[in-house]
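Single-letter residue listing:
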Amino acid sequence: MRKRKTVGVPVQVYNLGSPAGAQMDFERDELWSRMDAEMGKKAVSLPVFLVNPNQMNMLYPREYRRALDPERIRPLLQEEVEREARERDREGELETRREPQEGEQDLFDRLKRYEEEEGWLKYSRVVAVGLYLRLGQHNQQFQDQVLQLGDPNVRTAEAENAFLNHQLPTIFLCCERIVNWASRLGISHHLVMDKVYYHELGHAIMDTLPDGAPNPYLESWGRIVEESLANAVAFRCFRGREALWVQRLIQDQPAEYRGYAAAGQLLVSLLDVKFLRDWFREWLHEYDLYWWHRIEYALARLERGAWHPEVARALTEVLRNLPMPLTQIRSHERIDSQNITEWRRFKRRIARAEPWIHQAWKDFAKHLLIEGVS
Ligand SMILES: [Zn+2]
């Protein structure tokens, strides 16, 4: 058995004590050929540590151990959709945007009670499979404990050293859980490993949060955006039959992870009503009266309180068909890629982000959640 996987690619892979780690093959061409430049850049700079389930349980941050069970939250989401529909029906009668009533709870507040221990117990084996983490946050004693949990037959001094001396972000893969997940579905564990690895590289690509900034991941809306986008990054690496199996894998994951397809339906920037009003409207008026009328109509609906994701989705469609510089500049880019770029930008400036930007992301998360579990 090879102790350290010295591979024919410039990527560092270390086994910290996972017997199933021996089955992880980083020399397969397809693993690397599916990557784009951005992902490859992260792959060559971040070491991968292969760990067993006990080690992963120890490494997985306590504050991240939450999961929404789609079956349990579906009735609540249905209620929300119906409430929004009633709002839309009343829309014509209302002159101004409706303010939330007193005592009316925000959807994300209501979702909190579904985040209890139960959801985590049900989903940990398909969530705590991969982990992207900045190791520097932990002390030496914690790292020693992680090493102690490793199987000494597969753990090497080189892996230990790399683990103890590495201060930068790192990817952990739990090989036993990868193999088990694959065997439950009767598919190759290589496909599961690749999906999990790409997903973690997706977190790395989106890691723009400055030190000390408030972490949106600790809020359920932030977790929904981050996990759905990380799955979107992973999913777009695959084609055909493999892509379908990746979709099947995602079906096993909690609600937060399932908005990967919905992430390509609407541009989050269109949820920012202020941006649309101040900038877009002026510009479009000059350009084309027909489109101006259509967008005016959508804006008026937004301002009267129509459900943002629905209107933004309609606008996304309108704008994609509109030959104008604003969309032309980035029309070669997929909608989910544009949303990923916006998410990176938002996290970078989160401490200074205005309330309506936060609101746009919450609306986006609501869209991802509702579409993802439906
Ligand atoms: Zn993730």
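Per chain, residues are indexed from 1 in the order of the written sequence. With the structure being a predicted model, the display of local features is reserved for residues of pLDDT at least 70 and the display and counting of side-chain atom pairs for 80 or more, all residues being used for whole-chain, interface and lining totals.

Attention shifts here to the overall build of the protein chain. A run of DSSP states H or I qualifies as a helix once it reaches four residues; a run of E qualifies as a strand once it reaches two. Both are numbered from the N-terminal end. Counting its regular elements, the protein chain contains 18 helices and 4 strands. Exposure is read from a count of other C-beta atoms within 10 Å of each residue's own; the residue is exposed at 12 or fewer, buried at 20 or more and partly exposed in between. C-beta atoms are placed from the backbone. Sorting the 374 residues of the protein chain into buried and exposed places 38% on the buried side. Contact criterion: two residues are in contact if their C-beta atoms, reconstructed from the backbone, are within 7 Å. Across the protein chain, every contact between residues at least 6 apart in sequence was considered, and the portion connecting residues at least 24 apart equals 83%.

Before going further, it helps to examine the sheet that holds strand S3 (residues 130-134). Hydrogen bonds between backbone groups are what pair the strands of a sheet, and the pairing can be parallel or antiparallel. Strand order in the open sheet formed by 4 strands is S1-S2-S4-S3, and the pairing between neighbours is mixed. The open sheet has two free edges, formed respectively by strand S1 (13-15) and S3, since each of these has just one partner strand. Adjacent strand axes in the sheet meet at a mean angle of 25 degrees, parallel and antiparallel pairs treated alike. Across 5 bridges, S3 lies against strand S4 (residues 169-174) in antiparallel orientation. Residue Leu-133 lies in a different strand from S4, and its bridge partner there is Thr-170. Contacts from helix H8 (residues 157-165) reach S1 and strand S2 (48-51) within the one sheet, and its direction differs from that of S1 by about 115 degrees. Taken strand by strand, helix H9 (residues 175-185) contacts S2 and S4, and its axis lies near 45 degrees from that of S4. Between any two strands, pairing holds if DSSP finds at least two bridges. In this analysis an axis means a line fitted to C-alpha atoms, helices contributing only their contacting stretch, and an angle means the value between N-to-C directions, from 0 to 180 degrees.

Moving on, we get to the environment of Ala-204. Turning to its location among the elements, Ala-204 is positioned in helix H10 (residues 189-205). Taking the C-alpha atoms as reference points, Ala-204 and Met-39, separated by 165 residues in sequence, lie 8.7 Å from one another. With residues near it in sequence (within four places) discarded, Ala-204 still touches Lys-42, Leu-46, Tyr-132 and Pro-169.

Here the focus is the packing of H10 against helix H12 (residues 240-251). Across the interface, H10 lies against H12 with an axial gap of 11 Å and an inter-helix angle of 70 degrees. By the angle between their axes, H10 is roughly perpendicular relative to H12. Seen from H10, the contacting residues are Leu-191, Val-192 and Lys-195; seen from H12, they are Glu-242, Trp-245, Val-246 and Leu-249. Throughout, the ten residues Ala, Val, Leu, Ile, Met, Phe, Trp, Tyr, Cys and Pro are labelled nonpolar, Asp, Glu, Lys and Arg are labelled charged, and all others, Gly among them, are labelled polar. Class assignment for the residues of the contact of H10 with H12 results in 5 nonpolar, no polar and 2 charged. Between 65 and 115 degrees an angle is taken as roughly perpendicular, under 35 as roughly parallel, over 145 as roughly antiparallel, and anywhere else as oblique.

Further remarks concern H10. Take the number of residues in a helix, subtract one, and multiply by 1.5 Å to get its expected span. Taking 1.5 Å of rise per residue, the 17 residues of H10 would be expected to cover 24 Å, and the 24 Å separating its terminal C-alpha atoms lies within 8% of that figure. With 14 of 17 residues buried, H10 is to be regarded as a mostly interior element.

With that settled, consider the environment of Ala-353. Relative to the elements of secondary structure, Ala-353 occurs in the loop between helix H17 (335-348) and helix H18 (355-373). Of the residues examined, Ala-353 has 17 C-beta atoms within 10 Å and is grouped as partly exposed. Contact partners of Ala-353, with chain neighbours within four places excluded, come to Phe-346 and His-358.

Note on definitions: a nonpolar core is a set of buried residues drawn from Ala, Val, Leu, Ile, Met, Phe, Trp, Tyr and Cys, linked by C-beta atoms within 7 Å. Of all hydrophobic cores here, the largest spans 84 residues; its most connected members are Leu-50, Phe-172, Leu-173, Cys-174, Ile-178, Val-225 and Trp-361. Viewed by domain, this core spans two of them, domain 1 (13-65 + 117-257) and domain 2 (268-373), each represented by three or more residues. When sequence neighbours within four positions are dropped, the list of residues in contact with Trp-361 reads Trp-221, Val-225, Val-268 and Phe-346. The domain boundaries here were taken from an automatic or database domain assignment.

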